[in-house]
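Notes for the structure review
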Amino acid sequence: MENVYLGRQPILDSKGDLVAYEILYRDSAKASHISNDRFASASVISNILNKFGTSTLLGNRRAFVKVDEKFLLHDIIFSIPKEFFIFSLFEDVEMSERVVERLQQLHAKDYVLAINDISLDSDTLKEYSKVYKELSYIKINVDKDIDFEMKAMISEMKAHNIKVVGSKIEDNAHYILAKEIGCDMFQGYFFAKPNIVENAKYEPSQLNVLKLYNLLINDTNIDEITSEFENNYEITVQLLRYMNSCAFHFRNRISSVHHILTLVGRQPLAQWLMLMIYSKSVSRTSKHSPLMLMVKNRTELMENILKAVNPDVKSNALGEAYFVGVLSLIDTLFSVKLERILADLNISDEVTNALLKDEGLLGEIYALIRDIEAFDTKSVHIFTSKYNLGTHQIEDVVLKCMEEVTTFEEAMTA
């Protein structure tokens, strides 16, 4: 299959660290459905291994890939490298003698196995108890009706060293519920939803970043900017570490903020600074902050999709595209209404209207990015048709951005 829609959804542990992905897949020729799940599963794995590459798409993490009974029982499954994937069986796969035997064979060869999005009840628990020894994960659809009676059932699975993944978590209320009933891992974009606090005040570290940002974009004297950076030790150390990482290729190692300003300029430094506000050193989030990686992916998508739509785009427009991406989650980080933050930063009307109203080309691209994250392939197709883009162009952009995010994360944690 030449063109595919391929997506990945983050899975977090109880500390908020990104620990795995679920790979989402749809053939562009059958965007509304897939008629044969066995071939779909084979195509997902083939594309990851051959076309996309595991390091590009997954970094050092595993991927949950949905598997049906036909694929499970086909001997092709033994040709797939076991270190990259978690085979996640559809809920409707019955634990027949053949299925149980195959799971035992895979487990003996150290393949990692899961059950996908079950509705948990006593009958389901009894059915899967046959393969407790072989299973590493069971995924529970938190979006369905769940209650605290499940807590004992989840405890039973965990007693057999099975990790329970709460899936379809799209808001904080479902996340809290999933934690309370005993889930170990959590899948969805709940972490990106803002929890607005009325009359909230910026934290000191946040104020320092905003002050530095405004100094950079307002043509302040370079010595004053350097001095302000030096008064913010954590930010400066993070900046120097990143600029000297594998993400950049300078002839000589960078030794000072003054040197960075001379080499890369004010706007790139301002862009980096707004991205770094999501990092551990500034926001005190986890080591592999999913929010930071998500906003990095959005900035890459904003710029690269704009280039695909308009190959002759000017640098100032790309700068605005970047800021749409980097500011799109800042209300989540600050717990302050986005309108207030944009006003405090004196952001342009184009960026503001894109973020608040999906207006203009930047607003359309921002809406498209949310569709890509939600794996809304129908909306992606509408956008590509409107701007006469081939499916492969969006596919290539998405892949390139995943690769940039992986490189960025490696540089940040080096």
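Residues numbered from 1 in each chain as written. Predicted model: local features only at pLDDT ≥ 70, side-chain atom pairs only at ≥ 80, totals over all residues. Heavy atoms only, no water.

Right, let's get into the environment of Ala200. Mapped onto the elements, Ala200 comes out in the loop between strand S8 (185-187) and helix H8 (204-217). Ala200 gets classed as buried once you look at its relative accessible area, which sits at 12%. Ala200 has contacts with Ser335, Val336 and Arg340, leaving out every residue within four places of it along the chain. (Helix = DSSP H or I, 4+ residues; strand = E, 2+ residues; numbered from the N terminus. Buried < 20%, exposed > 50% of the residue type's maximum accessible area, 1.4 Å probe, protein only. Contact = heavy atoms within 4.5 Å.)

The next point concerns the pattern of salt bridges. Where side chains of opposite charge bring their charged atoms close, a pairing between them can arise. Applying the stated criterion to the full structure yields 13 salt bridges. Its salt-bridge partner being Glu22, residue Lys66 comes within 3.5 Å of it at the nearest N-O pair. With Lys66 in strand S3 (residues 62-67) and Glu22 in strand S2 (residues 18-27), this residue pair connects regions lying 44 residues apart in the sequence. Between Lys386 and Glu364 there is a salt bridge, and its shortest N-O distance comes to 2.8 Å. You can see Lys386 sitting in helix H20 (residues 377-386) and its partner Glu364 sitting in helix H19 (residues 360-373), a full 22 residues away along the chain. (Salt bridge = Lys/Arg side-chain N within 4 Å of Asp/Glu carboxyl O.)

Moving on, we come to the pairing of strand S6 (residues 137-141). If a strand is regular, its side chains alternate between the two faces of the sheet. In terms of burial, S6 is largely enclosed, as 5 of its 5 residues are buried. With burial as the criterion, each face of S6 is covered, one bearing Tyr137, Lys139 and Asn141 and the other bearing Ile138 and Ile140. Tracing the backbone out of strand S5 (residues 112-118), into helix H5 (residues 122-128) and back to the parallel element S6 gives a crossover that is right-handed. Where S6 meets strand S7 (residues 163-167), 5 bridges bridge the pair, whose relative direction is parallel. Across the sheet, Tyr137 pairs through a bridge with Lys163, a residue of S7. (Right-handed = clockwise from strand over helix to strand, strands pointing away. Pairing = 2+ DSSP bridges.)

The next subject is the packing of helix H14 (residues 290-309) against H19. Packing of H14 against H19 leaves a shortest axis separation of 10 Å and a crossing angle of 125°. The pairing of H14 with H19 is recorded here as oblique in orientation. Seen from above, H14 lies across H19 with right-handed handedness. Residues Met294, Arg298, Leu301, Met302, Ile305, Leu306 and Val309 of H14 form the contact with H19, whose own contacting residues are Leu361, Leu362, Ile365, Tyr366, Leu368, Ile369, Arg370, Ile372 and Glu373. Class assignment of the residues belonging to the contact of H14 with H19 gives a composition of 13 nonpolar, no polar and 3 charged. (Axes fitted to C-alpha atoms, helices over the stretch in contact; angles between N-to-C directions. Parallel < 35°, antiparallel > 145°, perpendicular 65-115°, else oblique. Left-handed = near helix turned anticlockwise from the far one by under 90°. Nonpolar A, V, L, I, M, F, W, Y, C, P; charged D, E, K, R; others polar.)

This part is about the pairing of S7. Burial runs high along S7: 4 of the 5 residues are buried. Of the strand pairs in this sheet, S7 and S8 are connected by 2 bridges, and their pairing is parallel. Looking across to S8, one finds that Gly166 is bridged to Phe186. In the classification by handedness, the crossover that spans S7, the intervening helix H7 (residues 172-180) and the parallel S8 is right-handed.

This brings us to the nonpolar core. Ranked by internal contacts, the top residues of the largest apolar core, which has 138 residues, are Phe87, Met157, Phe229, Met274, Tyr278, Ile305 and Leu327. Leaving out residues up to four positions away in the same chain, Met274 has contacts with Val209, Leu210, Tyr213, Phe323, Val326, Leu327, Ile330 and Leu345. Counting residues in hydrophobic clusters, the runner-up holds 9 residues, among them Ile11, Val112, Ala114 and Tyr137. (Core = buried A, V, L, I, M, F, W, Y, C linked by side-chain atoms within 4.5 Å.)

The next thing to look at is H20. Looking only at H20, the buried set comprises Thr377, Val380, Phe383 and Thr384. Down the axis of H20, the buried side of the element spans an arc of 115°, and every buried residue falls inside it. Residues Lys378, Ile382 and Lys386 are exposed on H20 and point more than 90 degrees away from its buried face. (Arc of directions from axis to C-beta.)

What follows concerns a negative patch on the surface. A cluster of acidic residues, Glu69, Glu91, Asp92, Glu94, Asp121 and Asp123, forms a negative patch at the surface. As for its placement among the helices and strands, Glu94 is situated in the loop between strand S4 (85-89) and helix H4 (97-108). Overall, the relative accessible area of 58% leaves Glu94 in the exposed class. (Patch = residues over 30% accessible without salt bridge, like charges linked within 9 Å, V, L, I, M, F, W, Y side chains within 5 Å. Areas by Shrake-Rupley, 256 points an atom, 1.4 Å probe, with all protein chains shown as cover. Lys, Arg positive; Asp, Glu negative; His and termini not counted. Charge placed at Lys NZ, Arg CZ, Asp CG, Glu CD.)

In this structure the tally under the stated criterion is 11 aromatic pairs. Aromatic side chains Tyr175 and Phe186 sit 5.0 Å apart centroid to centroid with 75° between the ring planes, which places their arrangement in the edge-to-face category. Residue Tyr175 is found in helix H7, and its partner Phe186 is found in strand S8; the two are separated by 11 residues along the sequence. Taking the relative accessible area as the measure of exposure, Phe186 reaches 1% and is therefore buried. The interplanar angle of 85° and the centroid separation of 5.9 Å between the aromatic rings of Phe190 and Phe191 together place this pair among those described as edge-to-face. Between Lys139 and the ring centre of Phe64, over which it is positioned, the NZ or CZ distance is 5.1 Å. (Phe/Tyr/Trp six-rings, centres within 6.5 Å; stacked < 30°, edge-to-face > 60°. Lys NZ or Arg CZ within 6 Å of the ring centre and 35° of its normal.)

In this structure, Asp117 takes a positive phi of about 50° despite not being glycine. Note that Asp117 resides in strand S5. Here Asp117 falls in the buried class, since its relative accessible area comes to 10%. Of note in this structure, Ser335 is not a glycine but carries a positive phi near 60°. Its location among the elements puts Ser335 in the loop between helix H16 (330-334) and helix H17 (338-345).

Mapped onto the secondary structure, Arg102 falls in helix H4. A polar atom in the side chain of Arg102 sits 3.5 Å from the backbone oxygen of His74. Here the side chain of Arg102 touches Gln105 through a polar contact of 2.8 Å, side chain to side chain. Excluding anything up to four places from it in sequence, Arg102 contacts Leu72, Leu73, His74, Asp75, Ile77 and Phe78. (Polar contact = N/O pair within 3.5 Å; in protein donor to acceptor, adjacent residues only side chain to side chain.)

Listed in full, the buried residues belonging to helix H9 (residues 222-230) are Ile225, Thr226, Glu228 and Phe229. Down the axis of H9, the buried side of the element spans an arc of 160°, and every buried residue falls inside it. Where H9 is buried, its residues contact H8, helix H10 (233-243), helix H11 (257-264) and helix H12 (266-276). Among the residues of H9, the N-terminal cap falls to Asn221, whose side-chain oxygen and the backbone nitrogen of Asp223 are separated by 2.8 Å.

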